[in-house]
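Here are the chains, one letter per residue:
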Amino acid sequence: MNENSEEMKTDDLIASLEDKGIKLWTDNGKLRYSAPQGVMNSNIVQLLKNNKDSLMENLIRAKDDLKIIHDEEKRCERFSLSGIQGAYLMGRSKNMEYGSLACHIYMEFEYDKLEREKTQNIWNRIISENDMLHAVIDREGWQRVLPEWNRFELNENDLTELSESQQSEAMEKIKRRLGNRVFNTTELPLFEVELSQLGNCTVMHFSIDMLIVDWTSVWLMLNKFEEYYYNGDDIEKHKLTITFRDYMEAYKNIPDTQMYKKAEKYWKERINDLPSAPQLPVVGRGGQEFKRFELRLPEKDWLFFKSQAQKIGVTPVAALVTAYSSALERFSTNKRFILNLTTLNRMPLDEQVKSLIGDFTSLSLITIDNRGDRTFSQRAADTNKTLFEVLDNHLYTGMEVAREKTRLGTGDKFLMPYVFTSSVGLINNEQSRAMKGIYRGGISQTPQVFIDCQGMDGKWGLIINWDVRDDIFPQGLPERMFELFSDRIRELARSAGKWNESSLIELEETEKYSDENNYQRLPEHLIH
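Asks: Which parts of the structure should I look at to understand unusual backbone geometry?
Replies: The general pattern is negative phi for most residues beyond glycine and trans for most peptide bonds. In the segment running from Leu-188 into Pro-189, the intervening peptide bond is cis, with an omega of -5°. Following the sequence through the fold, Pro-189 ends up in the loop between helix H6 (164-179) and strand S8 (191-197). Its identity as a non-glycine residue notwithstanding, Gln-448 has a phi of 60°, on the positive side. Positionally, Gln-448 belongs in the loop between strand S14 (438-445) and strand S15 (451-458). With a phi close to 60°, Asp-471 is a non-glycine residue in the positive phi region. Asp-471 gets classed as exposed once you look at its relative accessible area, which sits at 55%.

Asks: When you look at the environment of Thr-241 in this model, what are you seeing that I'm missing?
Replies: Position of Thr-241 among the secondary structure elements: in the loop between helix H7 (215-231) and helix H8 (244-251). For the pair Thr-241 and Asp-71, spaced 170 residues apart in sequence, the C-alpha separation works out to 9.9 Å. If we ignore the near neighbours within four places in the chain, the residues touching Thr-241 are His-70 and Gln-352. Within polar-contact distance, the side chain of Thr-241 engages the side chain of Gln-352 at 2.6 Å.

Asks: Would you mind showing me how to read helix H5 (residues 116-129) here?
Replies: Since the α-helix advances by 3.6 residues per turn, residues separated by three or four positions end up pointing in the same direction. Look at H5: 20 Å from first C-alpha to last across 14 residues, which is about the 20 Å you get at 1.5 Å a residue. Within the sequence span of H5, burial applies to Thr-119, Gln-120, Ile-122, Trp-123, Asn-124, Arg-125, Ile-126, Ile-127 and Glu-129. Next to the buried residues of H5 lie S8, strand S9 (202-209) and H7.

Asks: Just to check I follow, could you spell out the sheet that holds strand S3 (residues 79-80) for this structure?
Replies: Two orientations exist for strands paired in a sheet by backbone hydrogen bonds: parallel and antiparallel. Taking strand neighbours across the sheet as the criterion, the three strands line up as S3-S6-S5 in an open arrangement whose pairing is antiparallel. Each end of this open sheet is capped by a strand with a single partner; those strands are S3 and strand S5 (135-137). Pairing between S3 and strand S6 (residues 142-145): two bridges, direction antiparallel. When the bridges of S6 are listed, Ser-80 appears paired with Trp-142.

Asks: What should I look at first to understand the pattern of salt bridges in this one?
Replies: Side chains that carry opposite charge are capable of pairing whenever their charged atoms lie near each other. Taken as a whole, this structure holds 33 salt bridges when the rule is applied. Residue Glu-264 pairs with Lys-268 through a salt bridge whose shortest N-O separation is 3.0 Å. With Glu-264 and Lys-268 both in helix H9 (residues 258-270) and four residues apart, this pair spans about one turn of that helix. A residue is classified by how much of its surface remains accessible, and Glu-264, at 23% relative accessible area, is partly exposed. Relative accessible area serves as the criterion here: at 37%, Lys-268 is assigned to the partly exposed category.

Asks: Even after reading the chapter, I still don't get the sheet that holds S14, so can you show me in this structure?
Replies: Sheet architecture is open: five strands sit in the order S7-S8-S9-S4-S14, paired in mixed fashion. Across the chains shown, the open sheet's two edge strands, defined by having one partner strand only, are strand S7 (155-158) and S14. Here the strands of the sheet are splayed against their neighbours by 15° on average, with no regard to which way each runs. Bridge analysis of strand S4 (residues 104-111) against S14 gives seven bridges, and the strand direction is antiparallel. Bridge pairing links Ile-105 to Ser-444 in S14. On the sheet, H5 packs against S7, S8 and S9 and is oriented at approximately 165° with respect to S8. Of the strands in this sheet, S4, S8 and S9 touch H7, which is tilted by about 25° from S4.

Asks: Would you mind going over the packing of aromatic side chains with me for this structure?
Replies: For any pair of aromatic rings, the description rests on two quantities: the centre-to-centre distance and the angle between the ring planes. One pass over the structure, following the stated rule, counts 30 aromatic pairs. Both rings, one in Trp-466 and one in Phe-482, keep their centres 5.3 Å apart while their planes meet at 70°; by these two values the pair is edge-to-face. You can see Trp-466 sitting in strand S16 (residues 461-469) and its partner Phe-482 sitting in helix H15 (residues 477-492), a full 16 residues away along the chain. The two residues Trp-466 and Phe-482 agree in class, both being buried.

Basis of the calculations
- Residues numbered from 1 in each chain as written.
- Predicted model: local features only at pLDDT ≥ 70, side-chain atom pairs only at ≥ 80, totals over all residues.
- Heavy atoms only, no water.
- Helix = DSSP H or I, 4+ residues; strand = E, 2+ residues; numbered from the N terminus.
- Buried < 20%, exposed > 50% of the residue type's maximum accessible area, 1.4 Å probe, protein only.
- Contact = heavy atoms within 4.5 Å.
- Polar contact = N/O pair within 3.5 Å; in protein donor to acceptor, adjacent residues only side chain to side chain.
- Expected span 1.5 Å × (residues − 1).
- Pairing = 2+ DSSP bridges.
- Salt bridge = Lys/Arg side-chain N within 4 Å of Asp/Glu carboxyl O.
- Axes fitted to C-alpha atoms, helices over the stretch in contact; angles between N-to-C directions.
- Phe/Tyr/Trp six-rings, centres within 6.5 Å; stacked < 30°, edge-to-face > 60°.

Below you can see the structure in the form of C-alpha cells.
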C-alpha cells in the first residue's frame, strides 16, 4: 500500500496504519493517534491530514455500529448462540466423537452456617436480576429469555446425624450426582444449588451448565450471593440497563470492524504453518466422566513464582502455559504443537458489560515449540511473546481458524483437545479475602476436550487443576504427566535457579505408554 496516495480507501488506510502499530480514534471531534517510537513521519502525518474527514467518519460509524442499545420490546425474543455456545450444544450429541456430554462445572464452598430459606430467597433474587439465569436454549439452536418462570427450589441435605465417614460417603455421592449433571436446555433452571448441613459447617454445592455463563459470570454470581446474604443491599445498586441479548446483537457487527479484519489477516497468513495438537497416546473413545488432579501452591510460593516471572519479563500465565506444555511434550510424538486457550472475550462496548452474566467465552490457539535446547526462562519468553500476539488477534477465534484450516484441506482434521483455562487475576486478593466461603474443590467437563488445565489464584495462593476425561489415555499416564507437571511448578515456585535450567522434563520412561497402536487418528466430526 502506497502511503503517499491520497486515493486510498479509508478501510485500507486504517488497516495499513494498524499494521505499522498506529492506532486511531476520535476524541471531542478531533482525530487522535498513538504510534510506536520512530514510526511516524511527515508523509504519514500529511496522509492523516488529507484523509481526516473520511477517517473520522469511518471511526465514528464503527463505534456506533458496536454501540449497545437496549431493546426492551425484544428482550424475550429469541436470539442466536455465540460460536462457543453452538459448539457446546453440538457437543451433547451422541453422534459427535468425544462428545456426548455437557459443558459443565461443579464447585463446593464451605461456610460456618447457611440457612436454607434465606439462601433460597437470595438465589431467586439473583435469578430475577439476571436474564441469562432464566433463559433456555431450544433444539434448533436459539436462546430466549423467559418472561416468567417457576420459583427456584433449593434442596437441603441434613447430614448432621451421620458419622464422619458416613458424611464423607454422602458428600461423595452428591458430588458424583451434581458433578456430572446434564441439564435439559429447554427447561429452567440450568443451574442447581444445594446445601449440606454437616453440623460444624454448611457446604454449598454449585452446579451449572456453561452454556449460559462464563467463569467471570460464575464469580459474579457467587460474589452477589455473599453480598446479599451477609450485607443485604439496595436492589437499585445492581440494576443494569443493558442485557446479554443487547450485547450479542451489537457483537454481530464485530466482523465488519478493522479489529476483526486485522485478526483475520493475522491468522490466515499463518494458517498453513499451524501444527496439530500434541500427539499423545490415546487408547479409548472417552467416558462420561472427568477425573480431577489438583495442585495447590501456598501464597508464599505463588508470590515467589510471580516475582520470578516478572524478573524475566513474562506473565505468570505464560510461565504456567510453558510448564503445562513441557509435561505434555514428554509423551507427545510432535514437539511443536497447538494448545487451546480459553479466553474471556468481554468487549468493553459499555461500562456495564463487566457486570453482565452470560457466556462471553472464546477460544484462541497458541503454538508451542519445544524443539531445541533452551532454558525454561527462554521458552517462557517465547510463549509470552506468542501469547500477546494471540490475545491481540483474538477476535478471529480458534474455532474460525480450525474451520478455515479444515476447509482449505491443509492437513488432518483439526481437533484441539488440550486446553489451558486461566482465571489468574480474575479474582483480586481483596475480593478473595472478602469471600466468606472456603473453596473445597470441584470438577468440570467439556466435550471433545481430553485435558483442561485450569489456573486460579486468590488469598489461598494458586490452585491448578487438570480435569482429564476418563477412558482416553493408557492407564497411569494422566497421573504421571500431572506428577511431572506438579514437580516442575513446585521447583519454579521455590528456586530461582530452576528458571535457568532446561524447560524440558528429563524422563526415560516415555516408551512405557508409547505403543504405536495408542496413537489413534483424531475424529473427523469437530465441534470447535
